Amino acid sequence: MTQFNRSWQFLALAAGLGWCLSVGPVWAADSDAPTQASRDPARILADLDVVVLPKFDRTRSDDPASREEQSRRMNEFLERRAALIGELWQVDSTSAVARRLIVERWRALGQLHRGKEALPEIKNYFSIAGERSANEDAAFFAAIVEIDQGSNTDADRLAAVDRYRGRSADQSRLLPLITFAVNEIKDDRKRLPLLEEIVAKKPGTREAASAEGRIRRIKKTGHPFELDFTDAITGRPVSIEGLRGKVVIVEFWATWCAPCRAFLPKLRALHEAHHKDGLEIVSVSLDAPG
């Protein structure tokens, strides 16, 4: 999902992830991978230590070939780190080091569009650490993975938010998580409680204003659209009720909106072609008077 991918990219950058220098073959911890003898955790950690982050040459960021190469190396880095941490988790899931590193693996799997692989590990993690986890990163990224699963229902996504509330000691990332969940939930009515929570917790902010707008749109869905005004050119009253039975396009535009002005000729052509069929176009200017 697009929203999810962008979120993982942002979160990875915030965590300081970069490009890798050393990449080697390690089997990922999944059911299709070839089996191999369990290695000593110290050896796995030693291998993990050499997967380092080289400096990124920002002077080549405008070069498409360079960006493609950087993306390839980033994926290799994520694959390598995720595979090694997965191997460590299989052999030593109760250690503090493994519990700390496993969250990095969940982030990496999310960026690689393989978040579903983390679900069994999440279940295992909280069975060991307890649902009331002291690790805020674990509670947050577990919820992100659980919300993102495309086969889940909206009820599942809401349940993932509630699990975060129970797992997180301070709920310091509740609002970012709610925002993420709102964008993944399909049913507008199920979004409403989360949007209202954003408004309640962050009054007067840009996030609250955006949520209020979405709430208004959701609540108006399924209700008659009301619009009554006096035509600025003809002086005649115009109302949606007076156009009942016709196909009506309502366009909101402004002289300062270049894309709006560019679209006007297409609207005129559409009206000329289909006015005889009952098409009406109501154009509402958002320009301030005077």
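The coordinates are above.
Fair warning: this is a prediction, and the values are worked out from it, not measured in the lab.

Cut-offs used in this document
- Residues numbered from 1 in each chain as written.
- Predicted model: local features only at pLDDT ≥ 70, side-chain atom pairs only at ≥ 80, totals over all residues.
- Heavy atoms only, no water.
- Helix = DSSP H or I, 4+ residues; strand = E, 2+ residues; numbered from the N terminus.
- Buried < 20%, exposed > 50% of the residue type's maximum accessible area, 1.4 Å probe, protein only.
- Contact = heavy atoms within 4.5 Å.
- Areas by Shrake-Rupley, 256 points an atom, 1.4 Å probe, with all protein chains shown as cover.
- Phe/Tyr/Trp six-rings, centres within 6.5 Å; stacked < 30°, edge-to-face > 60°.
- Lys NZ or Arg CZ within 6 Å of the ring centre and 35° of its normal.
- Disulfide = S-S within 2.5 Å.
- Salt bridge = Lys/Arg side-chain N within 4 Å of Asp/Glu carboxyl O.
- Pairing = 2+ DSSP bridges.
- Right-handed = clockwise from strand over helix to strand, strands pointing away.
- Expected span 1.5 Å × (residues − 1).
- 1 Å grid on protein atoms, 1.4 Å probe; cavity = no way out; pocket = protein on both sides within 12 Å on 5 of 7 lines; lining within 4 Å.
- Points joined across faces, edges and corners; volume = space filled by probe spheres on them.
- Patch = residues over 30% accessible without salt bridge, like charges linked within 9 Å, V, L, I, M, F, W, Y side chains within 5 Å.

Draft legend 1. Spatial organisation of the overall build of the chain. Counting its secondary structure elements, the chain contains 11 helices and 4 strands. Counting over 290 residues, the chain shows a buried share of 37%. In the chain, once contacts between residues fewer than 6 apart in sequence are set aside, the share between residues at least 24 apart is 64%. As displayed, the chain offers around 17200 Å² of accessible surface, 54% of which is attributable to carbon and sulfur atoms.

Draft legend 2. Main features of the environment of Val238. Structurally, the position occupied by Val238 is in strand β2 (residues 237–239). The residues touching Val238, leaving out its near neighbours within four places in the chain, are Leu227, Asp228, Phe229 and Asp231.

Draft legend 3. The arrangement of the packing of aromatic side chains in detail. Here the structure, examined in full by the defined rule, presents 4 aromatic pairs. Geometrically, the ring pair formed by Tyr125 and Phe126 is edge-to-face, given 4.9 Å between the ring centres and 75° between the ring planes. The residues Tyr125 and Phe126 share a single accessibility class, namely buried. With centroids separated by 5.2 Å and ring planes inclined at 80°, the aromatic side chains of Phe140 and Phe141 adopt a geometry described as edge-to-face. When sorted by exposure, Phe140 lands in the same class as Phe141, which is buried. Among the aromatic residues, those joined into a ring-pair cluster are Trp89, Trp106, Tyr125 and Phe126. Across the ring face of Phe141, the terminal group of Arg107 is positioned such that the distance to the ring centre comes to 5.3 Å. A cation over an aromatic ring shows up here: Arg167 above the ring of Phe126, its NZ or CZ 3.9 Å from the ring centre.

Draft legend 4. Region of interest: the state of the cysteines. Applying the stated criterion to the full structure yields 1 disulfide. In this model Cys257 forms its disulfide with Cys260; the gap between the sulfur atoms is 2.3 Å. Looking down the S-S bond of the Cys257 and Cys260 bridge, the torsion is 70°, so its handedness is right-handed. On the basis of relative accessibility, which here comes to 16%, the residue Cys260 falls in the buried class.

Draft legend 5. Region of interest: the pattern of salt bridges. Evaluated as defined, the whole model comprises 20 salt bridges. Between Asp188 and Arg191 there is a salt bridge, and its shortest N-O distance comes to 2.3 Å. Residue Asp188 and its partner Arg191 are located together in helix α9 (residues 188–201), separated by 3 residues, close to a single helical turn. Two residues, Arg244 and Glu241, come together in a salt bridge whose shortest N-O distance is 2.9 Å. Both residues of the pair, Arg244 and Glu241, belong to the exposed class. Overlapping salt bridges, with partners in common, bring together Arg39, Asp47 and Glu87 in one network.

Draft legend 6. The side chain of Glu146, seen in detail. Examined against the element boundaries, Glu146 turns out to sit in helix α6 (residues 136–148). Given the relative accessible area of 8%, Glu146 is considered buried. Among all residues touching Glu146, those that are not within four sequence positions of it are Leu119, Ile122, Asn152, Ala160, Arg163 and Arg167.

Draft legend 7. Quick look at the pairing of strand β4 (residues 279–285). For strand β3 (residues 247–253) and β4, the ladder comprises 7 bridges, and the chain directions are parallel. Note that in β4 the partner of Val247 across the bridge is Leu279. Crossover β3 to β4 through helix α11 (residues 258–274) is right-handed.

Draft legend 8. Examining α6 more closely. Helix length check: α6 (13 residues) gives 19 Å between terminal C-alpha atoms against 18 Å at 1.5 Å per residue, within 8%. With 12 of its 13 residues buried, α6 lies for the most part within the structure. For α6, the complete set of buried residues consists of Glu136, Ala138, Ala139, Phe140, Phe141, Ala142, Ala143, Ile144, Val145, Glu146, Ile147 and Asp148.

Draft legend 9. Up close: the layout of surface pockets. In this structure, the largest pocket spans a volume of roughly 830 Å³. Residue lining of the largest pocket: 22 residues in total, with Asp231, Ile233, Ile281, Val282 and Ser283 positioned closest to the centre. When residues of the lining of the largest pocket are traced back to their parent elements, those giving at least two are β1 (228–230), β2, β3, α11 and β4.

Draft legend 10. Broad picture of a nonpolar patch on the surface. There is a patch of nonpolar side chains on the surface, built from Phe225, Phe252, Trp256 and Leu286 and spanning about 500 Å² of accessible area. When you line up the elements, Phe252 lands in strand β3. What makes Phe252 partly exposed here is its relative accessible area of 43%.

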